[in-house]
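# Fold and contact review
Read off the chains here:
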Amino acid sequence: MSGTSQSTTGPRRRALSLVVFATLCAAVIAGGLVSSAMAGSAKVLGKTKNTPPPSCPNKSHPNRCQGVGRVTGFPLVADGQKRPFLVRKNGKLVAWAVDTSRVLKKNPDQQGFFETIFKGGKFDKHPSARIAVIKQNNKHRRKFKLLRQSPTVNLSGNLGRKSIFTLDKPLRIRKGQTVALTIPSWITNFAHANASSFARNNKWRASRSKKKCSPTSGDSAAIKRWAQNSKAQQKVGSSRNYGCDYSGGRLLYWAYYVPK
């Protein structure tokens, strides 16, 4: 894995997050990536006033657990804030973070379900993710080109906490580009609710075909077929139609960058 991981959890989460962020800046300086002045001016993409926890597992309704897999996506609206991952200043992406939950392994076996329907590729059944820099096509607004991406991280040991990953090699970002999350296999950093207010204030866009935004039915075989036909955008230089918009859900990730 490239970079360094720090995690936060428990009632002291907010205080620990500040410590983690200070550690992040120190690590960046130690690596000679940016100056101390630049580290102190690091900004966060995806930060909102209110941040919900991952919705899975749902102890009251364990069968309603939802995860995300085999896709690249980004929020259109998060906590009412539009395009929170749209880059508004040139700079360098120095770290990224995800907030994941630890799913049940029995009664029901939620982790086994995700491992079965989303398995495949290098990480097979293990949860994984990477950060991506994409650019919208000026003529075809739903088409995005993959410009750069971080190494993929195996998240098997990170479920149940917020983890921050510093980048050994920062990614260049430019105004007008978008920082998306790529999920080669699966991940449990998804918050969702059926309430109309949550649906109105949280929407995200996915790199799936417009005709394949959801399974044809609710049975496990149909869900597996749908999942296996969905693939994350991972070839740098490729262009992909992001044909699916979803309401009532939020991908819990963040990107730390240093403006130029």
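To keep things clear, this report deals only with the structure shown in the data block. Keep in mind it's a predicted model, so treat the numbers as computed, not measured.

### Let's talk about the nonpolar core
With 50 residues, the main nonpolar core has W96 and V179 as its most contacted residues. If one sorts the elements of this core by residue count, strand 10 (residues 178-187) sits on top with six residues. Apart from residues no more than four positions distant in its own chain, V179 is found in contact with L45, F74, F85, V87, L93, I131, A132, I173, Y253 and A255. With eleven residues, the next largest nonpolar core counts A42, A95, A191 and Y256 among its residues.

### Describing the state of the cysteines
A complete count under the given rule lists two disulfides for this structure. Note on cysteine connectivity: C56 is disulfide-linked to C65, with sulfurs 1.4 Å apart. A torsion of -65° about the S-S bond marks the disulfide between C56 and C65 as left-handed. Residue C56 shares its accessibility class with C65, and that shared class is buried. Look at the protein chain and number its bonded cysteines as they come in the sequence; the links are 1-2, 3-4.

### Observations regarding the pattern of salt bridges
Two side chains carrying opposite charge are able to pair once their charged atoms lie near each other. Throughout the structure, instances matching the rule amount to two salt bridges. Among the ionic pairs, D245 bridges to R142, the shortest N-O distance being 2.8 Å. Taken together, the residues D245 in strand 14 (residues 244-247) and R142 in the loop between strand 6 (128-136) and strand 7 (143-149) connect sequence positions 103 residues apart. You can call R142 partly exposed: its relative accessible area is 33%. Between D245 and R205 there is a salt bridge whose closest N-O contact spans 2.7 Å. Of this pair, D245 sits in strand 14 while R205 sits in strand 12 (residues 203-206), and the two are 40 residues apart along the sequence. In the salt-bridge network here, residues are joined through shared partners; they are R142, R205 and D245.

### Structural notes on the pairing of strand 3 (residues 68-78)
Counting buried positions along strand 3 yields eleven of eleven residues, so the element is predominantly enclosed. Relative to strand 10, strand 3 is paired through five bridges, and the arrangement is antiparallel. Considered in strand 10, the bridge of V68 is made with I187. Two elements, strand 3 and strand 12, share four bridges in a ladder whose sense is antiparallel. By the bridge assignment, P75 is partnered in strand 12 with W204. For strand 3 and strand 4 (residues 81-82), the ladder comprises two bridges, and the chain directions are antiparallel. Bridge assignment links A78 to a residue of strand 4, and that residue is Q81. Where strand 3 folds back on strand 4, the antiparallel hairpin that results is connected by two residues, among which D79 adopts a positive phi of roughly 55°.

### Describing helix 3 (residues 110-118)
When you tally the buried positions in helix 3, you get seven out of nine residues, the bulk of the element. Inspection of helix 3 places Q110, Q111, G112, F114, E115, I117 and F118 among the buried residues, and these make up the whole buried set. Buried residues along helix 3 sit in contact with strand 3, strand 10 and helix 5 (220-229). Among the residues trailing helix 3, G120 stands out with phi positive, at a value near 135°.

What counts, and where the lines are drawn
Residues numbered from 1 in each chain as written. Predicted model: local features only at pLDDT ≥ 70, side-chain atom pairs only at ≥ 80, totals over all residues. Heavy atoms only, no water. Core = buried A, V, L, I, M, F, W, Y, C linked by side-chain atoms within 4.5 Å. Buried < 20%, exposed > 50% of the residue type's maximum accessible area, 1.4 Å probe, protein only. Helix = DSSP H or I, 4+ residues; strand = E, 2+ residues; numbered from the N terminus. Contact = heavy atoms within 4.5 Å. Disulfide = S-S within 2.5 Å. Salt bridge = Lys/Arg side-chain N within 4 Å of Asp/Glu carboxyl O. Pairing = 2+ DSSP bridges.

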